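So the chains spell out like this:
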Amino acid sequence: MGVTFAPISVGRLRAAVGALHGGLAHVAKFALDIALPTLCIACREPVDGEGVCPACWGKLSFIERPYCPKLGIPFVYDPGPELLSMEAIAAPPAYARARAAVRYDEVARTLVHQLKYQDRTDLAPIMGRWMARAGRELLAEADLVVPVPLHWRRGFSRRYNQSGALARVIARSSGVRMQGDALRRVRATEQQVGLSRAQRASNVQGAFQVSSDRLHDVQGRRIVIVDDVLTTGATVDACARALLRAKAAEVSVLVFARVVDAPRAPI
């Protein structure tokens, strides 16, 4: 007497294979977690899940409201809507608004330096997601995300642009198109570290230009410039001026960290 088998639909077969594959993937991940535990992105200590350990998380200073609507500098108290910081009134930048995910302190500095100088491109996804959250109001109105470019010589020695790595994550998170070649750094500049405010501004004056074949992409667009750190704002201001000269409709700035000297009261 022959044995008969009930026919199995293609859908059920695929589901069974998928369940088997999912189970094997789970086992493989479990084994990998034991062999190679996830490490804190800042201090490299083992941590549950992806991100930072509790100690480093406690040291991160995320920037939340209230802050200056123009520069994103945090205030010590809420002065009400649209009141500007003293810096925004004394020296208005070319860009419309700036936002930052965190203050530039010990842990933030570690993350930025590892991404920038130590080839830690694995840091870009979580840093970029924090930036997308901080800049959601800018990104909701934006047409393009544009990273601050490196000069080709520095790009060759560093092998990648950290601002471009962050911009790609932000573009994926927000759905806003990234235009990585919209801006060019047409003049090699000194490192900004250690320069005064006036020296920083002079150092980057005329250093950026919109690529001639990207003028049509920039004209009439609302653009968000992406960089890792905002100190005096000289670099992003020079980038904003170049984009506005090319007829961009509006330019804003989104960075991972910004330098905050001391708690500020609005004027």
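The structure reproduced in this document is the subject of the present report. (Residues numbered from 1 in each chain as written. Predicted model: local features only at pLDDT ≥ 70, side-chain atom pairs only at ≥ 80, totals over all residues. Heavy atoms only, no water.)

### Let's talk about the packing of helix H9 (residues 197-204) against helix H11 (residues 234-245)
Next, step 1: It is at 9 Å that the axes of H9 and H11 come closest, and there the two elements cross at 35 degrees. Crossing angle aside, the handedness with which H9 passes H11 is right-handed. On H11, the residues that touch Arg-200, Ala-201 and Val-204 of H9 are Ala-234, Thr-235 and Ala-238.
Next, step 2: In terms of residue class, the contact of H9 with H11 is built from four nonpolar, one polar and one charged. (Axes fitted to C-alpha atoms, helices over the stretch in contact; angles between N-to-C directions. Helix = DSSP H or I, 4+ residues; strand = E, 2+ residues; numbered from the N terminus. Left-handed = near helix turned anticlockwise from the far one by under 90°. Contact = heavy atoms within 4.5 Å. Nonpolar A, V, L, I, M, F, W, Y, C, P; charged D, E, K, R; others polar.)

### Here we look at the sheet that holds strand E1 (residues 98-103)
Next, step 1: Pairing in this open sheet of five strands is parallel, and the strands run E1-E7-E6-E2-E3 from one edge to the other. Only two strands of the sheet have a single partner each, and these edge strands are E1 and strand E3 (177-178).
Next, step 2: Two strands pair when backbone bridges link them, and E1 and strand E7 (residues 250-258) are joined in this way by five bridges, in the parallel orientation. What sits directly across from Arg-103, in E7, is Arg-258.
Next, step 3: Helix-sheet contacts for H11 involve strand E6 (222-230) and E7, and the interaxial angle to E6 is about 165 degrees. (Pairing = 2+ DSSP bridges.)

### Let's talk about the environment of Thr-232
Next, step 1: Topologically, Thr-232 is positioned in the loop between E6 and H11.
Next, step 2: Sequence-wise, Thr-232 and Val-259 are 27 residues apart; in three dimensions their C-alpha atoms are separated by 8.0 Å.
Next, step 3: Contact partners of Thr-232, with chain neighbours within four places excluded, come to Arg-197 and Arg-200.
Next, step 4: Of the polar contacts made by the side chain of Thr-232, one reaches the backbone nitrogen of Ala-234; its length is 3.3 Å. (Polar contact = N/O pair within 3.5 Å; in protein donor to acceptor, adjacent residues only side chain to side chain.)

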